[in-house]
Amino acid sequence: MSETAENKADRKKRTVFVLSGGSGLGSIQVGMIKALFEQGIIPDFFVGTSVGAINSAFICGNPTLEGVHELEKIWMSVRRKDVFAVDFFGTIINIFKRKNFLVSSKGLRSLLEKNIRYNTLGDARIPCLLIATDLITGEQVVLTSGNVINAVLASTALPGIYPPVETAGRFLVDGGFSGNTPLSVAAEYGAEEVFILPAGYPKTLDRVPSGLIDIFAHSLNILIGHQFLRDIEIYQKDILIHIIPPVYAIGRSFYDLSGTAEYLSLAYESTRHWLQTGGMNTFEIPGRIVKPNQWL
């Protein structure tokens, strides 16, 4: 029997947190989640990409303020060498051996195994959907079952930097290439109200990025900005969308973790202010998001 308009209005909307990619800026999302949880805003499920997959996987194992506080402590303790340990000689060897990555994911795997205390995505206390990309076909892959550590490693495997993760005969890499802010996945799985928690955010720069990795990351951001605007246009007709105001990390490298405490605090205070001043009652795309005409 179909649901009447009256019954639909009476029940709670199916709420989803969508956590974008953003590399070393993932602590921003922790500050946002903390503010939302304090106000009693708890989602029915999480959808996470890249660093958003790390945060989603952890919180889905303990979707409480206690869990958020624990994740906050983890972020405050992590150093670049823990997850992005560049061995110069090892990198040279990998290049000459024609390996498909520069940096081993052993450090990140160790961090995840130490802190995520359940085995499969199906064991999470609330549903956790993680996004990866098929390296061969470019297809978006939604991971809803299987080993949680492997799923997170697949979603965070930046091509050419970290090794792809082989799952069921597919080679999976960073979900940001097929859906950095996977609003479409939230819609497909029945979301009626979505909170988008941006870590990094497509933005204009005051200068040309320095270094090959940062140029690559910003180029990806340009594509992400276009994709994000298209998804908003498509889905805001049917879904109530809230975009948590982003914290802009101008001048930070994507693997720079030195601003973790500052960004987490700023995101928490900014989100609290947004909630207290009626942010949920208005729809606004942040002013510095990349728009196509900015790049023509």
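What counts, and at which threshold
Residues numbered from 1 in each chain as written. Predicted model: local features only at pLDDT ≥ 70, side-chain atom pairs only at ≥ 80, totals over all residues. Heavy atoms only, no water. Buried < 20%, exposed > 50% of the residue type's maximum accessible area, 1.4 Å probe, protein only. Helix = DSSP H or I, 4+ residues; strand = E, 2+ residues; numbered from the N terminus. Arc of directions from axis to C-beta. Core = buried A, V, L, I, M, F, W, Y, C linked by side-chain atoms within 4.5 Å. Contact = heavy atoms within 4.5 Å. Axes fitted to C-alpha atoms, helices over the stretch in contact; angles between N-to-C directions. Left-handed = near helix turned anticlockwise from the far one by under 90°. Nonpolar A, V, L, I, M, F, W, Y, C, P; charged D, E, K, R; others polar. Polar contact = N/O pair within 3.5 Å; in protein donor to acceptor, adjacent residues only side chain to side chain. pLDDT = per-residue confidence, 0-100. Salt bridge = Lys/Arg side-chain N within 4 Å of Asp/Glu carboxyl O.

### Description of helix H7 (residues 106-115)
Step number 1: Regarding H7, the residues found buried are Leu108, Leu112 and Asn115. The buried residues of H7 occupy an angular sector of 80 degrees when the element is viewed end-on, so they sit on one face. Turned more than 90 degrees away from the buried face of H7 sit Lys106 and Lys114, all of them exposed.

### Here's the deal with the nonpolar core
General note: in soluble globular proteins, nonpolar side chains tend to be found buried as a group.
Step number 1: Core analysis: the largest hydrophobic core is formed by 60 residues, its most contacted members being Phe17, Phe46, Leu143 and Leu197.
Step number 2: For this core, the element with the most residues is helix H3 (residues 51-61), which contributes 7 residues.
Step number 3: Ignoring anything within four residues of it in the chain, the contact list for Phe46 reads Phe17, Leu19, Ile33, Phe37, Ser56, Ile59, Cys60, Ile126, Pro127, Cys128 and Leu129.
Step number 4: Phe45, Phe228, Ile232 and Ile243 belong to the second largest nonpolar core, which has 17 residues in total.

### Focus: the packing of helix H2 (residues 27-38) against helix H12 (residues 260-276)
Step number 1: Direction vectors running N to C along H2 and H12 enclose 35 degrees, while the axes themselves pass 7 Å from each other. Crossing angle aside, the handedness with which H2 passes H12 is right-handed. Within the contact between the two elements, H2 uses Ser27, Ile28, Val30, Gly31, Met32, Lys34, Ala35, Leu36 and Glu38 and H12 uses Thr260, Tyr263, Leu264, Ala267, Tyr268, Thr271, Arg272 and Leu275.
Step number 2: Considered class by class, the residues forming the contact of H2 with H12 number 10 nonpolar, 4 polar and 3 charged.

### Describing the side chain of Thr133
Step number 1: Mapped onto the elements, Thr133 comes out in strand E3 (residues 128-134).
Step number 2: Assessed through its relative accessible area of 4%, Thr133 is described here as buried.
Step number 3: Within the structure, the side chain of Thr133 is placed 2.9 Å from the backbone oxygen of Asp174, a separation counted as a polar contact.
Step number 4: Polar contacts involving the side chain of Thr133 include one to the side chain of Ser178, which spans 2.7 Å.
Step number 5: Not counting residues up to four positions away in its chain, the partners in contact with Thr133 are Gly138, Glu139, Phe171, Leu172, Val173, Asp174, Gly175, Phe177 and Ser178.

### Let's talk about the confidence of the model for the protein chain
Step number 1: Residues with a pLDDT of 70 or more make up 75% of the protein chain, whose mean pLDDT is 83.
Step number 2: Taken as a whole, residues 1-11 scores under 50 in pLDDT and shows 4 contacts with residues more than four places along the chain or in a different chain.
Step number 3: In this model, residues 288-296 is a region of pLDDT below 50 whose contacts with residues beyond four sequence positions or in other chains number 27 contacts.

### A short note on the pattern of salt bridges
Step number 1: One pass over the structure, following the stated rule, counts 6 salt bridges.
Step number 2: For Arg117, the salt bridge is made with Glu70, and the minimal N-O distance between the two is 2.6 Å. One end of the pair, Arg117, is in the loop between H7 and E3; the other, Glu70, is in helix H4 (residues 65-77), and 47 residues separate them in sequence.
Step number 3: Exposure remark for Arg117: the relative accessible area of 60% places this residue in the exposed category.
Step number 4: For Glu70, a relative accessible area of 22% translates into the label partly exposed.
Step number 5: Arg170 is paired through a salt bridge with Asp134; the nearest N and O atoms lie 2.8 Å apart. Of this pair, Arg170 sits in strand E6 (residues 170-174) while Asp134 sits in strand E3; the two residues are 36 residues apart in sequence, bridging distant segments of the chain.
Step number 6: For Arg170, a relative accessible area of 27% translates into the label partly exposed.

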